[in-house]
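Topology and contacts: notes
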Amino acid sequence: MSYISEVTEELKGRNPGQPEFIQAATEVLESLGTVLAEHPEYQKNAILERIVEPDRQLMFRVPWIDDKGVPHVNRGFRIQFNNAIGPYKGGLRLHPSVNLSIIKFLGFEQIFKNSLTGLPIGGGKGGSDFDPKGKSDREIFEFCRSFMTELYRHIGADVDVPAGDIGTGAREIGYMFGTYKKLNNRYEGVLTGKGLQYGGSLARTEATGYGLVYLVEEMLHEKGMRFQGKKVAISGSGNVAIYAAEKATAFGAKIITMSDSTGWIHDPEGIDLAAIKEIKEVNRARLSEYKSFRPHAEYSTSGNVWQVACDVALPCATQNELNKADAETLVKNKVLAVGEGANMPSTPEAQEVFIKNKVLFAPAKAANAGGVATSALEMSQNSQRLNWTFEKVDSKLHDIMKNIYRQMSASAEAYGFKDNFIVGANIAGFKKVADAMVAQGIQ
Ligand code: NDP
């Protein structure tokens, strides 16, 4: 049995009931054959066995009391996966679907994504199965305070720096930062995604969506194309989706779809982003309200955005939201490029369809790395006690995304997988971490 198969089998046996984690880890392991053959020191140093096992896994009780005085108990997680190249860094997801498998898959992906940014950050992820939807502001505060009352002892500016993710925005980060500061009596950059008044970075809100579009523009440009004049289908209408739509529109594209967890809209004339921001960012409401802004648009609760013909598809909602049949529909409709804004939105079968049909495909760990890269820029500003301008942060983000494209493209070509950016991103992200682990000994 090959080294990769041995580690994969062991991984499956050791982690029963963790399908998302096994899916993410298998995808990375399977793409490393040529690198392992070229670098026997990786096997000698048990790099694969060590890289699939988190440094530390924290699970804890999060009790809180609702507005009626009723107590609730949620489960909190923080997976500190790998700190070979820097302090653990990764978001906190608050969503009822959160479990150990999901946090481990996200933490594992984060190792390679963070490595691709070229910045000194390790991989981690956390969150809770708490559902922020429909909760009052006081209930959100109660939950965040309780969550941080346990987490604070495990994190720190040079240890582990959590950030936002699904369900964790500026409000939640603010409450958590306040609790950390109160418990530790330290003013430090322990969380990113903070408000601008207390250490946040300009352009962090926009970073993941903008970064996605910068990377896809670079990928299109290499093949003599541009966003200009293209029809773009986006899923989701959260942070990533909104700012991807904003930047793609600025580049001259027309956004024709968006979605949320209850339905999706198709606006052939181009989505009215101001209306989306008002519905989702200001009113925290449902996308069905879009029709009251643009009566000609279609709203549907069956099917999904991928059935609408487009030139570029940007899945920006959640994992496994684009399956094989969706990929086949997109190919039939002549999609040119797919850029993953969400984490692991395409199933492995969907990815195969894109690669087989030579669709330009930018995988999440490269395409959505702009968020964490800008979080690392927030950490730098906090350490320096400085605030950079929007233009400075945005221009650094743009350079980082172009560089990620170049790294994944060059690695794909160097290892015989030209234009397969899934393999390219995995190899480029892996090598830097693996070399650091070899240099630091078997720990
Ligand atoms: P948000 O919570 O802001 O938005 C998520 C969006 O996806 C919402 O529109 C939500 O709908 C929709 N959604 C969630 N679950 C489902 C589902 N099961 N089916 C259909 N739609 C769904 O999150 P973000 O935009 O921050 O994150 C989106 C993705 O991007 C996640 O995979 C996240 O891990 C990834 N990501 C985010 C980064 C960031 O900086 N924010 C950085 C890197 C990756 P509804 O409004 O109904 O909840």
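The following paragraphs examine the structure supplied in this document. (Residues numbered from 1 in each chain as written. Predicted model: local features only at pLDDT ≥ 70, side-chain atom pairs only at ≥ 80, totals over all residues. Heavy atoms only, no water.)

For the chain, the helix and strand inventory stands at 18 helices and 12 strands. Taken over C-alpha atoms, the radius of gyration comes to 21 Å for the chain, in line with the 22 Å a tight globule of 443 residues would show. Structurally, the chain occupies a C-alpha span of about 60 × 60 × 45 Å along its principal axes. Looking at the chain residue by residue over its 443 residues, the buried ones come to 57%. (Helix = DSSP H or I, 4+ residues; strand = E, 2+ residues; numbered from the N terminus. Rg over C-alpha atoms; globule rule 2.2 N^0.38 Å. Buried < 20%, exposed > 50% of the residue type's maximum accessible area, 1.4 Å probe, protein only.)

Let's shift gears to the packing of helix 10 (residues 239–250) against helix 11 (residues 273–282). Two elements in contact, helix 10 and helix 11, have axes whose closest approach is 11 Å; the angle formed by their N-to-C orientations is 165°. Classified by the angle their axes make, helix 10 and helix 11 are roughly antiparallel. Both helix 10 and helix 11 take part in a crossing whose hand is left-handed. Contacts between helix 10 and helix 11 involve Ile242, Tyr243, Ala245 and Glu246 on the former and, on the latter, Leu273, Ile276, Lys277, Lys280 and Glu281. (Axes fitted to C-alpha atoms, helices over the stretch in contact; angles between N-to-C directions. Parallel < 35°, antiparallel > 145°, perpendicular 65-115°, else oblique. Left-handed = near helix turned anticlockwise from the far one by under 90°. Contact = heavy atoms within 4.5 Å.)

What follows covers the sheet that holds strand 7 (residues 254–259). An order of 9-8-7-6-10-11-12 is seen for the 7 strands of this open sheet, with the pairing classed as mixed. In the strand order of this sheet, the two ends are held by strand 9 (298–300) and strand 12 (360–362), each with one partner. When strand polarity is set aside, the average angle formed by the axes of neighbouring strands in this sheet is 15°. Two strands pair when backbone bridges link them, and strand 6 (residues 231–235) and strand 10 (residues 312–315) are joined in this way by 4 bridges, in the parallel orientation. Each bridged residue has a counterpart across the sheet, and for Ala233 the counterpart in strand 10 is Ala313. (Pairing = 2+ DSSP bridges.)

Bringing the environment of Leu287 into the picture now. Along the polypeptide, Leu287 turns up in the loop between helix 11 and helix 12 (290–293). According to the relative accessible area criterion, Leu287 is buried, its value standing at 0%. Once the C-alpha coordinates of Leu287 and Ser259 are considered, the two residues, 28 residues apart in sequence, prove to be 7.0 Å apart.

An α-helix turns once every 3.6 residues. As a result, residues three or four positions apart point the same way. Along helix 14 (residues 348–356), the residues that are buried comprise Ala350, Gln351, Val353 and Phe354. One face of helix 14 carries all of its buried residues, which in axial projection span an arc of 160°. In helix 14, those exposed residues whose orientation departs by more than 90 degrees from the buried face are Glu352 and Lys356. Against the buried residues of helix 14 lie helix 2 (19–30), helix 13 (324–332), strand 11 (337–339), strand 12 and helix 18 (421–440). (Arc of directions from axis to C-beta.)

Taken together, 24 residues sit near the ligand, with Arg93, Asp165, Thr208, Ser261 and Asn343 positioned nearest. Between the ligand and Gly238, the relevant distance is 3.4 Å, taken from an oxygen atom to a main-chain nitrogen or oxygen of the residue. Residue Arg286 places a side-chain N or O atom 2.9 Å away from an oxygen atom belonging to the ligand. Notes on the ligand: free accessible area 890 Å², of which the protein chains cover 81%. Within the residue set of the shell around the ligand, elements represented by two or more residues are helix 9 (204–222) and helix 10. (Near = heavy atom within 4 Å. Polar contact = N/O pair within 3.5 Å; in protein donor to acceptor, adjacent residues only side chain to side chain. Areas by Shrake-Rupley, 256 points an atom, 1.4 Å probe, with all protein chains shown as cover.)

With that settled, the discussion passes to the packing of aromatic side chains. Across all of its chains, the model carries 17 aromatic pairs by this definition. Centre to centre, the rings of Tyr210 and Tyr214 are 6.3 Å apart; their planes meet at 70°, and the pair counts as edge-to-face. On the criterion of helical spacing, the pair formed by Tyr210 and Tyr214 is a turn pair, its members being 4 residues apart in helix 9. Judged by relative accessible area, which is 9%, Tyr210 ranks as buried. Since its relative accessible area comes to 3%, Tyr214 is described here as buried. Each ring, one from Phe354 and one from Phe361, has its centre 5.6 Å from the other, and the planes form 20°; the classification is stacked. These aromatic residues form a ring-pair network of at least three members: Phe60, Trp64, Phe130, Phe143 and Phe147. Above the plane of the ring of Phe130 lies Lys135, whose end atom (NZ or CZ) is 5.3 Å from the centre. Above the ring of Tyr210, the side-chain terminus of Lys247 is found at 4.4 Å from the ring centroid. (Phe/Tyr/Trp six-rings, centres within 6.5 Å; stacked < 30°, edge-to-face > 60°. Lys NZ or Arg CZ within 6 Å of the ring centre and 35° of its normal.)

Here strand 10 shows two buried faces, one formed by Val312 and Leu314 and the other by Ala313 and Pro315. In this fold, strand 10 hands off to helix 13, which returns the chain to strand 11; that crossover is right-handed. (Right-handed = clockwise from strand over helix to strand, strands pointing away.)

Moving on: the nonpolar core. In globular proteins that are soluble, nonpolar side chains generally tend to be buried together. Counting 58 residues, the largest nonpolar core has Leu215, Phe227, Ile234, Met258, Ile276 and Leu314 as the members making the most contacts within it. Of all the elements, helix 9 adds the most residues to this core, at 9 residues. Among residues more than four places away in sequence, those in contact with Leu314 are Leu212, Val213, Val216, Val232, Ala233, Ile234, Ser235, Ala244, Trp306 and Gly339. Formed by 40 residues, the second largest nonpolar core is a distinct cluster that contains Leu11, Leu29, Ile79 and Leu100. (Core = buried A, V, L, I, M, F, W, Y, C linked by side-chain atoms within 4.5 Å.)

So, about the environment of Leu94. Following the sequence through the fold, Leu94 ends up in strand 3 (residues 88–94). Once residues within four sequence positions are removed from consideration, Leu94 is found in contact with Gly127, Ser128, Phe130, Pro132, Phe143, Ile166, Gly167, Thr168 and Glu172.

Moving on: empty space enclosed by the protein. Rolled over the atoms, a probe as big as a water molecule pinpoints where empty space is left. Within this structure, the stated rule accounts for 1 cavity of 30 Å³ or more. Of the volumes computed, that of the largest cavity is approximately 70 Å³. The wall of the largest cavity is formed by Glu27, Glu109, Glu340, Met344, Gln351, Pro363, Ala364, Lys365 and Ile422. Class assignment of the residues belonging to the lining of the largest cavity gives a composition of 4 nonpolar, 1 polar and 4 charged. (1 Å grid on protein atoms, 1.4 Å probe; cavity = no way out; pocket = protein on both sides within 12 Å on 5 of 7 lines; lining within 4 Å. Points joined across faces, edges and corners; volume = space filled by probe spheres on them. Nonpolar A, V, L, I, M, F, W, Y, C, P; charged D, E, K, R; others polar.)

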